[in-house]
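Understanding the architecture of this molecule
Residue strings, one per chain:
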Amino acid sequence: MDIEERIRKIEEEITKTPYNKATSHHIGKLKAKISKLREESIKRSSSSTKGRGFTLKKTGDSTVVLVGFPSVGKSTILNQITNAQSKIGAYEFTTLDVIPGVMEYRGAQIQIFDIPGIIAGASKGKGRGREILSVARNADLIVMVLDVFNPHHHKLIMDELINIGIRPNKKAPDVTVKRRKLGGVKLASTVPLTHMDEKTIRSILNEYGFHSADVLIREDITIDRFIDALDNSIVYIPLLMVVNKIDLVDSTYLEKLKEKMDDALYIAADKGVMVEELKDEIYRRLKLIRIYMKPQGQKADLEEPLIIRKGATVEDVAGRLHRDFLKNFRHSKVWGNSVKFPGQKVGLEHILQDKDVLRIIIKK
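The rules we used
- Residues numbered from 1 in each chain as written.
- Predicted model: local features only at pLDDT ≥ 70, side-chain atom pairs only at ≥ 80, totals over all residues.
- Heavy atoms only, no water.
- Helix = DSSP H or I, 4+ residues; strand = E, 2+ residues; numbered from the N terminus.
- Contact = heavy atoms within 4.5 Å.
- Areas by Shrake-Rupley, 256 points an atom, 1.4 Å probe, with all protein chains shown as cover.
- Patch = residues over 30% accessible without salt bridge, like charges linked within 9 Å, V, L, I, M, F, W, Y side chains within 5 Å.
- Salt bridge = Lys/Arg side-chain N within 4 Å of Asp/Glu carboxyl O.
- Buried < 20%, exposed > 50% of the residue type's maximum accessible area, 1.4 Å probe, protein only.
- Pairing = 2+ DSSP bridges.
- Axes fitted to C-alpha atoms, helices over the stretch in contact; angles between N-to-C directions.
- Phe/Tyr/Trp six-rings, centres within 6.5 Å; stacked < 30°, edge-to-face > 60°.
- Lys NZ or Arg CZ within 6 Å of the ring centre and 35° of its normal.
- Polar contact = N/O pair within 3.5 Å; in protein donor to acceptor, adjacent residues only side chain to side chain.

Side note on the overall build of the protein chain
Secondary structure assignment for the protein chain yields 11 helices and 16 strands. Within the protein chain, residue pairs in contact and separated by at least 24 positions form 66% of the contacts whose partners lie at least 6 positions apart. Entry remark: accessible area of the protein chain is about 19,200 Å², with carbon and sulfur atoms responsible for 50%.

Below, the structure is given as structure tokens:
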């Protein structure tokens, strides 16, 4: 029996089991079994697809992957926002490989990948779906592209991403599990747990082979979130939803759709409508900021910023420039919004903000 068949049988058992306090630990154990099988499936998929043309060579400051059903306009979007020239056609499966492009925006070099259109059941291997979706697992941002006539594909694509171990727009569970050799499971929680009891937690831990461990939970966690905390294959990636071809529908249809899906960006890629807004939103979702370096005795280089992630510190910048900047670091000076006054002296732990000017002083 293959993995998908085993998963299907366990899912059937979960469906038949009424959920209540008495059965929650059993359901937790079954869901943990499914998670482990999917983790195994993802590992097999990654090892079996090496060298088959669906691996990413990451360059630049960030990587974005366009995900969607065939013929939704991903290739057109890629060509509009990057220097790529992907083949365009009004028929299915135009893109048969991963097409890369680079979006240059606000000094950042952002890699954009147009991957082949997925189909329902992709996460189970249909239409080379596992290979295709595995590309999205390595992205810094997923852009889900929907046809304005098929907005319901949103749910199908989300399910496929979840089944391949991606948690779009989610933060990792606030759970710490430290394995110990002896002493059993010691459970501590900083908040009341309303979705799980201790028996369910222990049942799931047991399924993952944690017989002695210190467990600290800092959120009112559900069974699914707790399992995610134990699953090493889960990745947490921001997702931007884009509805394309809005020029083909009337304003009434579009307004109703916007009421239902108010978190999407609405564009007409082939007409260039809202393309600049799409670039801006991609940049914003990636949480990139610009840092201008000021060498000693010289003016700041305001032409070519260093692109880093929001929340980065002076230490992050120093380490990226050269290890000697960290090894011989004395202090740094910053001009910008992250300091109280221009040229303020700061240490390695100082958090930088967009458009800060940074000078690093090293020991001679």
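Side note on a nonpolar patch on the surface
Among the surface-exposed residues, Phe-149, Leu-248 and Tyr-253 lie close enough to one another that they form a single nonpolar patch of about 300 Å² accessible area. Within the fold, Phe-149 resides in the loop between strand S4 (141-147) and helix H5 (153-163). The exposure class assigned to Phe-149 is partly exposed, which follows from its relative accessible area of 44%.

Some remarks on the sheet that holds strand S8 (residues 213-217)
Taken in spatial order, the three strands make up an open sheet running S6-S8-S7, and their pairing is mixed. Because the sheet does not close on itself, it has two edges, and the strands there are strand S6 (175-179) and strand S7 (185-189). Neighbour to neighbour, the strand axes of the sheet diverge by 10 degrees on average, direction disregarded. As paired elements, S6 and S8 share five bridges and run antiparallel to each other. If you follow Thr-176 over to S8, its bridge partner there is Leu-216. Sheet strands in contact with helix H6 (residues 198-207) are S6, S7 and S8, and its direction is about 130 degrees off that of S7.

What about the pairing of strand S16 (residues 356-362)?
Taken across its seven residues, S16 has six buried, putting it largely inside the fold. Pairing of strand S12 (residues 288-293) with S16, which is carried by three bridges, proceeds in the parallel orientation. Each bridged residue has a counterpart across the sheet, and for Tyr-292 the counterpart in S16 is Val-357.

Focus: the packing of aromatic side chains
Evaluation of the coordinates by the stated rule reveals two aromatic pairs. Between Phe-149 and Tyr-253, the aromatic rings sit 6.4 Å apart at their centres with planes inclined by 45 degrees, giving tilted as the arrangement. Of this pair, Phe-149 sits in the loop between S4 and H5 while Tyr-253 sits in helix H8 (residues 251-260), placing them 104 residues apart in sequence. The ring of Phe-210 has Arg-179 lying over it, and the distance from NZ or CZ to the ring centre is 4.0 Å. Positioned above the aromatic ring of Tyr-266, the side-chain terminus of Lys-258 is 5.4 Å from the ring centre.

What about unusual backbone geometry?
Phi is positive for Ser-71, close to 65 degrees, though the residue is something other than glycine. Along the chain, Ser-71 turns up in the loop between strand S1 (62-67) and helix H3 (74-81). Given the relative accessible area of 33%, Ser-71 is considered partly exposed. For Lys-287, which is not glycine, the phi dihedral falls at a positive 55 degrees. Mapped onto the fold, Lys-287 is located in the loop between helix H9 (275-286) and S12. With a relative accessible area of 53%, Lys-287 lands in the exposed category.

Let's talk about the side chain of Arg-167
Structurally, Arg-167 is set in strand S5 (residues 166-168). For Arg-167, the side chain forms a polar contact with the main-chain oxygen of Ile-162, separated by 3.0 Å. If sequence neighbours within four positions are ignored, Arg-167 has contacts with Ile-162, Asp-228, Ile-234, Val-235, Tyr-236 and Ile-237.

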